[in-house]
Each structure stands twice: as structure tokens, then as C-alpha cells.
Amino acid sequence: MNSTQNGGRPLVLGIESSCDETGVGIVRGTQLLTNTVSSSMEEHVRFGGVIPEIASRAHLDAFVPTLREALAEAGVTLDEIDAIAVTSGPGLAGALMVGVCAAKALAVATGKPLYAINHLVAHVGVGLLRTDDGGPQEIGPQGNTLPDNLGALLVSGGHTEILRIRNITGDVELLGSTIDDAAGEAYDKVARLLGLGYPGGPAIDRLARAGNAKAIRFPRGLSQPKYMGTADEPGPHRYDWSFSGLKTAVARCVEQFEARGEPVPVADVAAAFQEAVVDIITSKAVLACRENGITELLLGGGVAANSRLRQLTEQRCSAAGIRLTVPPLALCTDNGAMVAALGAQLVMAGIAPSGIAFAPDSSMPVTTVSA
């Protein structure tokens, strides 16, 4: 489907419901028209994490109002939409089901083609978007296309991955990922240990600024030679991460202070923990880029809001000659605009729609761009 009613720049509506954000975004080609998000995070705070059933019910309540708000803000009608895109996975099964069912209903009611989108690849596609005022947010000097030699470092509550993007619509390679906790998940668990509440990322980031990151040395998972190997003979986890041991080390540290009857130096623990996370993430990401010819890197996902991660990634990319792009914060966290952005790329590439027979896939691999 290359022809559209919008002069070759498809008007695409994107729907995101993989976790606790109900997102509806609308793009025209690579131009962002609206990015409307309703979050249920406040409903999960007292539980210290996302409760899937609560998230699913919140999506049901929020979808129609969010859709109406997005259409109104973009100044378009459903009739004018060329295609609908929806997150098909990965994510929480029940939450995905709500978004997918809503998208299928819209597709059937309007007769519009429907694209089932990979949530993680959408985080990369968002780097192509421009704002309404024409201000560039895209990666690289090419404007409306992704550059060659592109990588993506995605760091969120559910994922920590380094990708190589040869073609955003059909050739995405997973170079490395976490083998247990995602970085954001580790932040939440450590925040709970330190009595900082949920969500843990912003709380630890703020507190760490008052702490001494060198006061305690926490382990960097999978950094030993047996896991790393060499460039010529890579080890089994050269570009992978592990954060479960780090979380345990923080717990043991807190227990030791308490056993001695000493106050826990919460700011120092937070700073040292954060440094361990961002140190190993950035060092392995830059290593993967250097050894795979990647010269442009997109940093995305909710943890991209972390000030120390942004700072250290910028420093290490600059030293390695890698150009770093970080989309605006509202486009780093889960949103419908990123889904619409990838959907528009699929439309413009002439890729056939998914139809309505697909099922959401909570463990959809990153190599599958569209179902």
C-alpha cells in the first residue's frame, strides 16, 4: 500500500498498551501531529510495581477518551486516517490484548489497513519524527531516513537491549540483552530495599546526586573474562547484561549496615548502585557499537530519562566517535507516536498490512518488526 489520500505521506494512527501507558499517536509520514498518553502509574504505586490486571482495566477505561483527545488535537477524523498501527508485543498479555482488540475493532469499523507493530522496534522508529513546527528530532543528517550503521540502546522497566538496525522495516538484529532483570526493574527493586517507593528510577536518580558513587563498589554483572571473551573469540555474554546479582549485592550491603546498628547511607548506596548500572550498560553498548561498525546510536526507553545514563552514554559515545541521539523524553517512554511512526515506515515501504487474524505476542522477538 504505497498510495495514500495524503500525498504519499501516510496519516497513521498508532495505539500503544503494552504496560501501564495507554498511548494514541498520530503522524503524517515523519511529522508528529499528536502524542496523547494516559498513564495508570498512580494506581500501581501502593503495590510497588505494575499489576497486570489493574493495567488492563485502566486501558479499557482510558482508550476511547485518549483516542478522542488525540484526534481532536491532531485536527483529523478517522475517515482521513490511512492506516492503523498497534503494539502487538512484547508486553503484558492482558494489556496488549486491550490495545489489539481496540485496533481491530477500529480497523473493521473504518475499513482501514491494520499493522501489528513490535514495541521495541517502534522505540527506534520514533527517532525519525519531526515536530509540528518542523524542528528536527530525527537521527542523522539524512532527514527522513535512518542512517547506515545505526544501533539502538533500549533501556526500560522491561527491556535492556542493544540492537543493530540495517532496515527499520525488516532487518533488526539483537546484539545483546539482559539475561535476567531489566535495568528499570532493578531500579524499582533497589528503591524498595532503600524505602524510596515506586517508581524507583526517578527517586534513585535524584538521591544519587547527593551521594558518593565511589563509597561502595558494587559488581558489574557478566564483565568477567569468561563471559566477555575477546573480539576474535567472543565469550557467551560479551554484549549481555545481568542485574540480579547487583540487586542482591545491594540487599546484602543494606543488611550489613543494619546488623551493625549503623544508619544506612542511602544516598551513597543509591549513587553506587546507579553507577554500577550505567557503567556496565554504557561500556558494553559502546563495545558492541565499535565491534559491529555502528557509528550512530539511539538511546531510548523510559530509563533514558536517567541523568547519569544520558551523561555517561554521551561521554563514552563521543570518545568512541559514535554520534548519539536521544529523542525528547515524552517520546522515550512508551507512547502511541512511536507505534504510528513505525507503522508509517511500513506503509511507505509498501509492506502488506497484518490483517486482523494476528494475536498479540507477549514475547515477540525484536527481529520480528511486524506480525
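The structure displayed is predicted, hence computed values, not measured ones. (Residues numbered from 1 in each chain as written. Predicted model: local features only at pLDDT ≥ 70, side-chain atom pairs only at ≥ 80, totals over all residues. Heavy atoms only, no water.)

**Focus: the sheet that holds strand β4 (residues 83-89)**
The strands making up a sheet associate through backbone hydrogen bonding, with each pair oriented either parallel or antiparallel.
Point 1. Spatially, five strands are ordered β3-β2-β1-β4-β5 in an open sheet, and the strand pairing comes out mixed. Edge positions in the sheet fall to β3 (31-39) and β5 (114-118), since each has one partner strand and no second. Across the sheet, the mean angle from the axis of one strand to that of its neighbour is 20°, orientation sign disregarded.
Point 2. Judged from the six bridges that link them, strand β1 (residues 11-16) and strand β2 (residues 21-28) form a sheet pairing that is antiparallel. (Pairing = 2+ DSSP bridges. Helix = DSSP H or I, 4+ residues; strand = E, 2+ residues; numbered from the N terminus. Axes fitted to C-alpha atoms, helices over the stretch in contact; angles between N-to-C directions.)

**Regarding the sheet that holds strand β10 (residues 323-325)**
Point 1. Reading across from one edge, β8-β7-β6-β9-β10 is the order of the five strands in this open sheet, with mixed pairing throughout. Only two strands of the sheet have a single neighbouring strand rather than two, namely β8 (171-177) and β10. The average angle at which neighbouring strand axes cross in this sheet is 25°, direction not considered.
Point 2. Bridge analysis of strand β7 (residues 160-167) against β8 gives six bridges, and the strand direction is antiparallel. In the sheet register, R164 faces β8, and the bridge partner there is E173.

**Things to note about the side chain of S354**
Point 1. Relative to the assigned elements, S354 resides in the segment after α12 (336-348).
Point 2. For S354, a relative accessible area of 19% corresponds to the buried category.
Point 3. Here A116 takes part through its backbone nitrogen, which lies 2.9 Å from a polar atom of the side chain of S354.
Point 4. With near-sequence residues (within four places) excluded, S354 lies in contact with L114, Y115, A116, S370 and A371. (Buried < 20%, exposed > 50% of the residue type's maximum accessible area, 1.4 Å probe, protein only. Polar contact = N/O pair within 3.5 Å; in protein donor to acceptor, adjacent residues only side chain to side chain. Contact = heavy atoms within 4.5 Å.)

**So, the UniProt feature "binding site: Fe cation" (unreviewed entry) in the protein chain**
Point 1. Sequence positions flagged by UniProt for "binding site: Fe cation" (unreviewed entry) are, in local numbering, H119, H123 and D334. In sequence the annotated residues extend across 216 residues, while in space they remain close, none of their C-alpha pairs exceeding 8.5 Å. Among the annotated residues just listed, those lining the largest pocket are H119, H123 and D334.
Point 2. Tracing the sequence through the fold places H119 in helix α4 (residues 119-125).
Point 3. When residues no more than four places from it in sequence are discounted, the contact partners of H119 are E16, S18, T87, G89, P90, D334 and M338.
Point 4. Residue D334 is classed as buried on the basis of its relative accessible area of 14%.
Point 5. The residues touching D334, leaving out its near neighbours within four places in the chain, are E16, S18, C19, E21, V37, H119 and H123.
Point 6. Here H119 takes part through its side chain, which lies 3.2 Å from a polar atom of the side chain of D334. (UniProt positions renumbered as here; feature names shortened; annotations may be inferred. 1 Å grid on protein atoms, 1.4 Å probe; cavity = no way out; pocket = protein on both sides within 12 Å on 5 of 7 lines; lining within 4 Å.)

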